[in-house]
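# Topology and contacts: notes
The residues making up each chain are set out below.
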Amino acid sequence: MRYKFANGLGLGLIWDESKVNNNTTVVAAQQSIKRRVWSIPVTFETGNHHMFGTYSRAEDWRGQIGAV
């Protein structure tokens, strides 16, 4: 998602939530993990010049892989 202002400034938001589930009967092969990632892209356009920047943040993976 991005919004561009009349003065050439553009702000956006990117959100992703990844999840993996493998519910097998073999306990050692079971896995259930997830992670959230977000980014804020910023753009500025003036004439023939374009500037871009992005700030991103990713959480650690949470969950379990195999028997613990």
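Quick note: structure is the one above.
Residues numbered from 1 in each chain as written. Predicted model: local features only at pLDDT ≥ 70, side-chain atom pairs only at ≥ 80, totals over all residues. Heavy atoms only, no water.

## Some details on the pairing of strand β4 (residues 31-46)
Note the following rule: Strand pairing is assigned whenever DSSP identifies at least 2 bridges connecting the two strands. Here a helix means four or more residues in a row that DSSP labels H or I, a strand means two or more in a row labelled E, and each is numbered from the N terminus.
Pairing geometry for strand β2 (residues 9-12) and β4, over three bridges, is antiparallel. Along β4, the bridge assignment pairs leucine 11 with valine 42. Both strand β3 (residues 14-22) and β4 contribute to a ladder of nine bridges, which runs antiparallel. Each residue of the ladder has a partner; that of valine 20, found in β4, is isoleucine 33. Examined bridge by bridge, β4 and strand β6 (residues 62-65) share four bridges and lie antiparallel to one another. Across the sheet, serine 32 pairs through a bridge with glutamine 64, a residue of β6. Looking at chain direction, β4 and strand β5 (residues 49-58) are connected through ten bridges and run antiparallel. By the bridge assignment for β5, tryptophan 38 is matched with arginine 57. Hairpin connection, β4 to β5: the antiparallel pair is bridged by two residues, and glycine 47 has positive phi, about 60°.

## Here's the deal with a nonpolar patch on the surface
Under the convention used in this document: Two joining distances apply to patches: 9 Å for like charges and 5 Å for nonpolar side chains (Val, Leu, Ile, Met, Phe, Trp, Tyr), and every residue must have over 30% relative accessible area and no salt bridge. Calculation of accessible area relied on Shrake-Rupley with a 1.4 Å probe; when residues are assessed, cover is drawn exclusively from the protein chains displayed. Within this document, salt bridges are pairs made up of a side-chain nitrogen of Lys or Arg and a carboxyl oxygen of Asp or Glu, the two lying within 4 Å of each other. Classification of residues uses two cut-offs on accessible area relative to the type maximum, computed with a 1.4 Å probe and protein chains only: under 20% is buried, over 50% is exposed, and between them is partly exposed.
A cluster of nonpolar side chains, Met1, Tyr3, Phe5, Leu11, Leu13, Ile40, Val42 and Tyr55, forms an exposed patch at the surface whose accessible area comes to about 790 Å². With relative accessibility at 46%, the residue tyrosine 55 sits in the partly exposed group.

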